Amino acid sequence: MALNIPGVIVMVFFYLLVLGTGVWASFKSKKEQKKSGADKVEMALLGNRSINWVVGIFTTTASWVGGAFIVGMTETVYTPSKGLIWAVVILSSYTASFVVGGLVFAKPMRDRKYVTMIDPFQIKYGKVPAAALSLVSVFEDVIWVAGILIGLGATMSVILDLPYAVSVWISAAVVIIYTLLGGLYSVAYTDVIQLILIFLSLWLCVPFVLMNPSSLDITETAFNHTFQAPWIGTLQTDRVWRLIDSFLMLSLGNLGYQAFHQRTLSASSSTTAQITCFAAAVCIFIFGIPPALIGAVAASTDWNLTSYGSPSPFERGEAGLVLPIALQHLTPFYISIIGIGAVAAAVMSSADSALLSAASIFTSNIYQHILRTHASKTEIQWVIRGTVVVVGLVGSSLTHLSNSIMIFWFIGIEGAYILIFPQLVCVLFFNISNGYGAIMGWLVGILLRLLCGEPSLRLPPVLHFPGCTLEDGVYVQYFPISTFCMLCAFGSTLLFSYLAALLFNKGLVPEKWDVFKVKAQQSPQPQTLTPTGGAKGCNDNVNLTDNDSPQNALEPMIMATC
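Residues numbered from 1 in each chain as written. Predicted model: local features only at pLDDT ≥ 70, side-chain atom pairs only at ≥ 80, totals over all residues. Heavy atoms only, no water.

### Some remarks on the overall build of the chain
Turning to step 1, where the next piece is worked out: Along the chain, the regular secondary structure elements total 19 helices and four strands.
Turning to step 2, where the next piece is worked out: Every one of the 562 residues in the chain was classed for burial, and the buried ones make up 58%.
Turning to step 3, where the next piece is worked out: As displayed, the chain offers around 22000 Å² of accessible surface, 68% of which is attributable to carbon and sulfur atoms. (Helix = DSSP H or I, 4+ residues; strand = E, 2+ residues; numbered from the N terminus. Buried < 20%, exposed > 50% of the residue type's maximum accessible area, 1.4 Å probe, protein only. Areas by Shrake-Rupley, 256 points an atom, 1.4 Å probe, with all protein chains shown as cover.)

Here's what the structure looks like:
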């Protein structure tokens, strides 16, 4: 197939539209910064905490409606072993994630004016535990970028006949450029444009896919084995716990991503942050319907009657490409181009969030408070830009490792679920937690998960839980291992925190060995916080009165003033 010139022209126009919006937003950001006299770093990372609820809803929803979401949702419904049941679990989990985030995390974190979700760890635990969690968070974002770009690269290579690598690198370059220019302002306002394009494009494609002559009525194939197993899926008894495990992992694991908290922390108020979460919970479900319908049609298609031919995408091992394949072979030429626009918009709306998220964590919690504590604000801005570029390049480079988005998707979300989420709960809501417990909880969680094995990484299990079976030469765990590991990490954090506090407070271990200052942490003596911005000449000491509890001590680093 020759290069699709009209399609390439449409995509160039679309990219210029998004890039133009990002450039406009960058000028708006600079104007607002001069007008309000806001800190440049906070303007880049949090938009001066002035994002209203309308823009907030758009950017929060767009961050999760990415290429992995759209392409992955179609793949899930189409794959015979999963089907609509698993897709509903994914959609419901995202909805639950926003609801829980709005009810539990949005208000306390926004009221304390944290810059990143690692700030409470930095303040309460110190540099080492915070650095470890920061690196995990940055790794999650790199994996997220890779999974997102795979969706776009696969779609453009199928429909436009562009080389896979070219599609990935061009898209990554566009996202990196406008994220560099305006920070959160550019990301938020391009998200508005992108989400509108996603909604219109996907729903425009759906009628053409449903009415194509090569597919049967999806209501007939939902429960009947026609060309493949019914696309609605089946829920076998031995997979119920695995389904519950996936629901909890996706629901709570999303709360371990900086991108989520960046939206609530940038809101103009804690109430706005909560409204944004609740509205996004409804929107995310609506955006999941079109890709699910396309997956159902793909499962109901006689591919021998199409230009794709036999065997089916699943039999060729191309289930991960079923969305672009369906658009290419089941819709008119011009509709397939519109469809790729939806995927491109989705990819960029999530990729920019991941880039800015990683830049926030690395700059604020690693570079600024560990590597260069007295860095100037100009230097910090350049570090933000450099991190955006590096994360974009590394994430793009990883896209050649796998064609399945689901692998990257689940690796990233599982890391957030087991390593970040329980730690965040402990540091925010359990005064007993400390750095020793955090490190032990982190080690227990990751060790247990590795011992449980992972077929997608060709890692055999050492621990065989009830329901572990050998299928096609590979051991599959049907026990809810992710939730088990998360609960073990959570329990270990609290247990070892209690033991460490007991040993040091009772004098059973010399105080000079207390590297994380657990004894000082629980005393009413003044504590020292390092101000964000690295401004020279600031008074670095923030004194706490006798009435301040350890929970009240968790005030944000940016509150230290000159």
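There is more to say, and it comes next.
### Re the packing of aromatic side chains
Turning to step 1, where the next piece is worked out: Evaluated as defined, the whole model comprises 18 aromatic pairs.
Turning to step 2, where the next piece is worked out: Ring plane angle 90° and centroid distance 6.3 Å describe the contact between tryptophan 64 and phenylalanine 260, whose orientation is recorded as edge-to-face. In this pair, tryptophan 64 sits in helix H3 (residues 53–64) while phenylalanine 260 sits in helix H11 (residues 258–265), placing the two residues 196 residues apart along the sequence. Of the two residues, tryptophan 64 and phenylalanine 260, neither departs from the other in class, the shared state being buried. (Phe/Tyr/Trp six-rings, centres within 6.5 Å; stacked < 30°, edge-to-face > 60°.)

### Looking at the packing of H3 against H11
Turning to step 1, where the next piece is worked out: It is the contact of H3 with H11, at a shortest axis distance of 10 Å, that shows an interaxial angle of 180°. Looking at the two axes, H3 sits roughly antiparallel to H11. Residues Thr59, Thr60, Ser63 and Trp64 of H3 lie in contact with H11, whose contacting residues are Ala259, Phe260 and Arg263.
Turning to step 2, where the next piece is worked out: Partitioned by chemical class, the residues of the contact of H3 with H11 number three nonpolar, three polar and one charged. (Axes fitted to C-alpha atoms, helices over the stretch in contact; angles between N-to-C directions. Parallel < 35°, antiparallel > 145°, perpendicular 65-115°, else oblique. Contact = heavy atoms within 4.5 Å. Nonpolar A, V, L, I, M, F, W, Y, C, P; charged D, E, K, R; others polar.)

### So, the confidence of the model for the chain
Turning to step 1, where the next piece is worked out: Taken residue by residue, the chain gives an average pLDDT of 82. The fraction at 70 or more is 88%.
Turning to step 2, where the next piece is worked out: pLDDT under 50 marks residues 523–562. Its contacts with residues more than four places away, or in other chains, come to 71 contacts. (pLDDT = per-residue confidence, 0-100.)

### As for the side chain of serine 357
Turning to step 1, where the next piece is worked out: With respect to the helices and strands, serine 357 occurs in helix H14 (residues 333–371).
Turning to step 2, where the next piece is worked out: Here serine 357 is in contact with Asp141, Gln258, Ala259 and Gln262, once residues within four sequence places are set aside.

### Details of helix H18 (residues 481–505)
Residues three or four positions apart in an α-helix share a direction because the helix packs 3.6 residues into each turn.
Turning to step 1, where the next piece is worked out: Here H18 contains 25 residues, and its C-alpha end-to-end distance of 35 Å stays within 8% of the 36 Å for a straight helix at 1.5 Å per residue.
Turning to step 2, where the next piece is worked out: Looking one or two residues beyond H18, the residue adopting positive phi is glycine 507, at roughly 75°. (Expected span 1.5 Å × (residues − 1).)

### Looking at the packing of H3 against helix H12 (residues 270–299)
Turning to step 1, where the next piece is worked out: At a closest axis distance of 8 Å, the pairing of H3 and H12 adopts a crossing angle of 45°. For the element pair H3 / H12, the angle class is oblique. In this structure, H3 meets H12 at a crossing whose hand is right-handed. Two secondary-structure elements touch here, H3 through Trp53, Gly56, Ile57, Thr60, Thr61 and Trp64 and H12 through Thr272, Ile275, Thr276, Ala279, Ala280, Cys283, Ile284 and Phe287.
Turning to step 2, where the next piece is worked out: Looking at the contact of H3 with H12 residue by residue, the class counts come to nine nonpolar, five polar and no charged. (Left-handed = near helix turned anticlockwise from the far one by under 90°.)

### Quick notes on helix H10 (residues 240–253)
Turning to step 1, where the next piece is worked out: Its 14 residues place the ends of H10 19 Å apart at the C-alpha level, agreeing with the 20 Å of an ideal helix rising 1.5 Å per residue.
Turning to step 2, where the next piece is worked out: The set of residues buried in H10 consists of Leu243, Asp245, Ser246, Met249, Leu250, Ser251, Leu252 and Gly253.

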